[in-house]
Each structure stands twice: as C-alpha cells, then as structure tokens.
Amino acid sequence: MNTLPQLTDALLSLEERVAVLTLNRHDVRNALTGTRLVDDIVTTAEWVNRCPDVSVLVITGAGSAFSAGGNIRDMAERGGDFAGTPAECAERYRRGIQRMPLAMETVDVPVIAAVNGPAIGAGFDLANMADIRLAAESARFGETFLNLGIIPGDGGAWFMQRLIGYQQAFELTLTGRLVEAEEAKALGLVLDVVPDDDLMTSTLTLARRMAAQPPKATRLTKRLMKMAQRMALKDFLELCACFQGMSHNEPEHLEAVQNMLASMGKG
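Quick caveat, the model's predicted, so the values are computed rather than measured.

*Asks:* Help me understand the sheet that holds strand β7 (residues 140–142), please; the structure alone is not making it clear to me.
*Replies:* The strands that make up a sheet are held in pairs by hydrogen bonds between backbone atoms, and each pair lies either parallel or antiparallel. Here we have three strands laid out as an open sheet, ordered β5-β7-β8, and mixed in their pairing. Every interior strand has two partners, whereas the edge strands, β5 (119–120) and β8 (178–180), have only one. The sheet contact formed by β5 and β7 spans two bridges and is parallel. The partner of Ala 119 across the bridge, within β7, is Phe 141.

In structure tokens:
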C-alpha cells in the first residue's frame, strides 16, 4: 500500500509515516493553474486516504514560493483555465481547481503546510486548507483575487473565515493586501514563524510527533475535529461514543496503554 503514486509537477516522499508533497513548478512559482499541480494534490490526497502507512501529510513548495496561485499570464490572454464563455469558464473551475478544496477537506490524516515563501491567491487558500500552517520568515500571504477583478473561486472565502473569523477574513479579502509572516501569526493564520533554514526541520519535528501517535485513533480524531464544526453537540457525542467503542477494541489502544503503564513504572 505504500507504493507512491506517479505525479507530474510535484514530488512525494514517505518516511517515518510522514508523507511530504513538494510543489515542484518553481519555474512558475508553483502556480496552481496552467500546471498539473492540482491533479497531483488530488492524487496525493486520495492516496493518503488509502495508505495506512501515512499518518501525517506535509505540503510545501520548491524554490522561493509556496504557491503564486493562478497563472496571471493565462488570465491576461483569456487562455488556459480562464478561456471561453462564462459557462465554459465555470465548468473549468468545477473540473479543475475546485477539486483541490474538496480533496483537501476529506484528507483523513493531519495536514501541515510548510509555507516556505509567498502564498498568494489560490496558494494562500491551499495553505488555509491544511490543519496547521508553519511559516518561514520570508513567507507572505495575500487573498489577492479582488486586485485582479475576480472572486476567490477555489473556496478561499469558506476556509479563511473559519480560521480567523468573519471580520478579519473580510478585511483581508476585500482589501487584497499582503500580510507578512509575523502578522499572519498574530492573526492566527499560522501557528508559528521560524527562520527560513529551519522551516522543514521544525515542520518535520511536529509531523513526526503526530505520526508517533496510534495511527487509527489519529485518523478518527481528525475526522472528529472536522465533523465537530458542523454537528450539534448531542449528535457529535453519539459519534464520539461510536468512535470510542471502535478505539477501545483496537490492538493499538492496548499497546499504548501498556506503554503508558511501563513508563509510569519506570518513574
């Protein structure tokens, strides 16, 4: 099950239960349109959900940018994903970049975005689709769609306000201004800011800490965290009871309990 899928514009590795997806179109600053990166992200998300050897997914960018979002040259020429009539363009969004948020929202394991540089437009939104974001000092963030006379067509308006609240998300979206890494941390967009050279070390340290947890319970907990956002408490507690019944009957639970008892005995 741990055979890596074939990707076109991204690199994928798996070590110590941590999968690292690196957007590898630094020639276009990892733009998500005009490349195969969306296909690669969707393929990776589907593979992670099928592969029991993965407990954490890290997403980062090669080169100086995390992702520049949409290809502005294609926009200027009304080409690529942005060509055609309103109906044709809408259908390209449905069959193109909108597959990314749908896939990211269903990833069963924790997702960490290691934001190594500018995350702009759809690139910013991709980072916001992760569960946790760590930013390099050189990272910048911008919900810049209105600057180009378009709307966040990939679901960015849905994700960001769930992270930082409606008012802050509204201001960033309606002004289209760029946010430096430290302000992003103050706003709650990122968990922490680290020196550029330390980004992957810090990210992998966190990822391995999570990956060391019992894998089946980790996936169930991720599902609970997501479902808690849209369920009434009574219904949610019923789901917790079912998931807990499953967890208590897993071998990994007994192994974890024995390890805990052993560590207490040593103390």
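*Asks:* When you look at the nonpolar core in this model, what are you seeing that I'm missing?
*Replies:* The nonpolar side chains of soluble globular proteins are, as a tendency, buried together. Counting 51 residues, the largest nonpolar core has Leu 32, Met 100, Leu 126, Phe 141 and Leu 189 as its most contacted members. Those residues within four positions of Leu 126 in sequence are excluded, and the remaining contacts are Leu 23, Leu 32, Ile 41, Phe 66, Met 100 and Met 104. Counting residues in hydrophobic clusters, the runner-up holds 14 residues, among them Val 58, Ile 132, Leu 199 and Leu 204.

*Asks:* Looking at this structure, how should I read the pattern of salt bridges?
*Replies:* Think of it this way: side chains of opposite charge can pair up when their charged atoms draw near. All told, the structure shown has 15 salt bridges when counted by the stated rule. Arg 177 is paired through a salt bridge with Glu 171; the nearest N and O atoms lie 2.8 Å apart. Here Lys 185 and Asp 192 are joined by a salt bridge, their closest N and O atoms 3.1 Å apart. Connected via shared salt-bridge partners are Asp 9, Arg 25 and Asp 27.

*Asks:* I tried to follow unusual backbone geometry on my own but got confused; where do I start?
*Replies:* Most peptide bonds take the trans form, and the phi angle of most residues other than glycine is negative. Unlike most non-glycine residues, Arg 17 shows phi in positive territory, near 70°. On the secondary structure map, Arg 17 appears in the loop between β1 (10–15) and β2 (18–23). Judged by its relative accessible area of 24%, Arg 17 falls in the partly exposed class. With a phi close to 55°, Arg 29 is a non-glycine residue in the positive phi region. Take Arg 29: it is sitting in the loop between β2 and α1 (37–50). The exposure class of Arg 29 is partly exposed, given its relative accessible area of 36%.

*Asks:* Explanation requested: the packing of helix α6 (residues 156–164) against helix α7 (residues 166–175) in the structure shown.
*Replies:* How two helices sit against one another is set out by the angle between their axes and by the gap between those axes. Contact pair α6 / α7: the axes reach a minimum separation of 7 Å and the direction vectors enclose 135°. With respect to each other, α6 and α7 are oriented oblique. Here the hand of the crossing between α6 and α7 comes out right-handed. Between α6 and α7, the residues in contact are Met 160, Gln 161 and Ile 164 and Tyr 166, Gln 168, Ala 169, Leu 172 and Thr 173, respectively. Classifying every residue of the contact of α6 with α7 gives five nonpolar, three polar and no charged.

*Asks:* Can you help me understand the packing of aromatic side chains in this one?
*Replies:* The relation between two aromatic rings is expressed through the spacing of the ring centres and the mutual angle of the planes. Throughout the structure, instances matching the rule amount to four aromatic pairs. Both rings, one in Phe 82 and one in Tyr 93, keep their centres 6.5 Å apart while their planes meet at 55°; by these two values the pair is tilted. Residue Phe 82 is found in the loop between α2 (72–76) and α3 (86–95), and its partner Tyr 93 is found in helix α3; the two are separated by eleven residues along the sequence. What makes Tyr 93 partly exposed here is its relative accessible area of 23%. Each ring, one from Tyr 166 and one from Phe 170, has its centre 5.5 Å from the other, and the planes form 35°; the classification is tilted. Taken together, the positions of Tyr 166 and Phe 170, both in helix α7 and four residues apart, correspond to about one turn of that helix. Residue classification places Phe 170 among the partly exposed positions, given a relative accessible area of 42%. Positioned above the aromatic ring of Trp 158 is the side chain of Arg 162, whose terminal nitrogen or guanidinium carbon lies 3.7 Å from the ring centre.

*Asks:* Before we go on, may I ask you to explain α6 in this structure?
*Replies:* An α-helix turns once every 3.6 residues. As a result, residues three or four positions apart point the same way. All of the buried residues in α6 are Gly 156, Phe 159, Met 160 and Ile 164. Viewed end-on, α6 has its buried residues packed into an arc of 100°, placing them on one side of the element. Against the buried residues of α6 lie α4 (99–105), α5 (122–128), α7 and α8 (181–187). Directly beyond the C-terminal end of α6, a positive phi value near 90° is found at Gly 165.

Here is what the cut-offs are and how they apply
Residues numbered from 1 in each chain as written. Predicted model: local features only at pLDDT ≥ 70, side-chain atom pairs only at ≥ 80, totals over all residues. Heavy atoms only, no water. Pairing = 2+ DSSP bridges. Helix = DSSP H or I, 4+ residues; strand = E, 2+ residues; numbered from the N terminus. Core = buried A, V, L, I, M, F, W, Y, C linked by side-chain atoms within 4.5 Å. Buried < 20%, exposed > 50% of the residue type's maximum accessible area, 1.4 Å probe, protein only. Contact = heavy atoms within 4.5 Å. Salt bridge = Lys/Arg side-chain N within 4 Å of Asp/Glu carboxyl O. Axes fitted to C-alpha atoms, helices over the stretch in contact; angles between N-to-C directions. Parallel < 35°, antiparallel > 145°, perpendicular 65-115°, else oblique. Left-handed = near helix turned anticlockwise from the far one by under 90°. Nonpolar A, V, L, I, M, F, W, Y, C, P; charged D, E, K, R; others polar. Phe/Tyr/Trp six-rings, centres within 6.5 Å; stacked < 30°, edge-to-face > 60°. Lys NZ or Arg CZ within 6 Å of the ring centre and 35° of its normal. Arc of directions from axis to C-beta.

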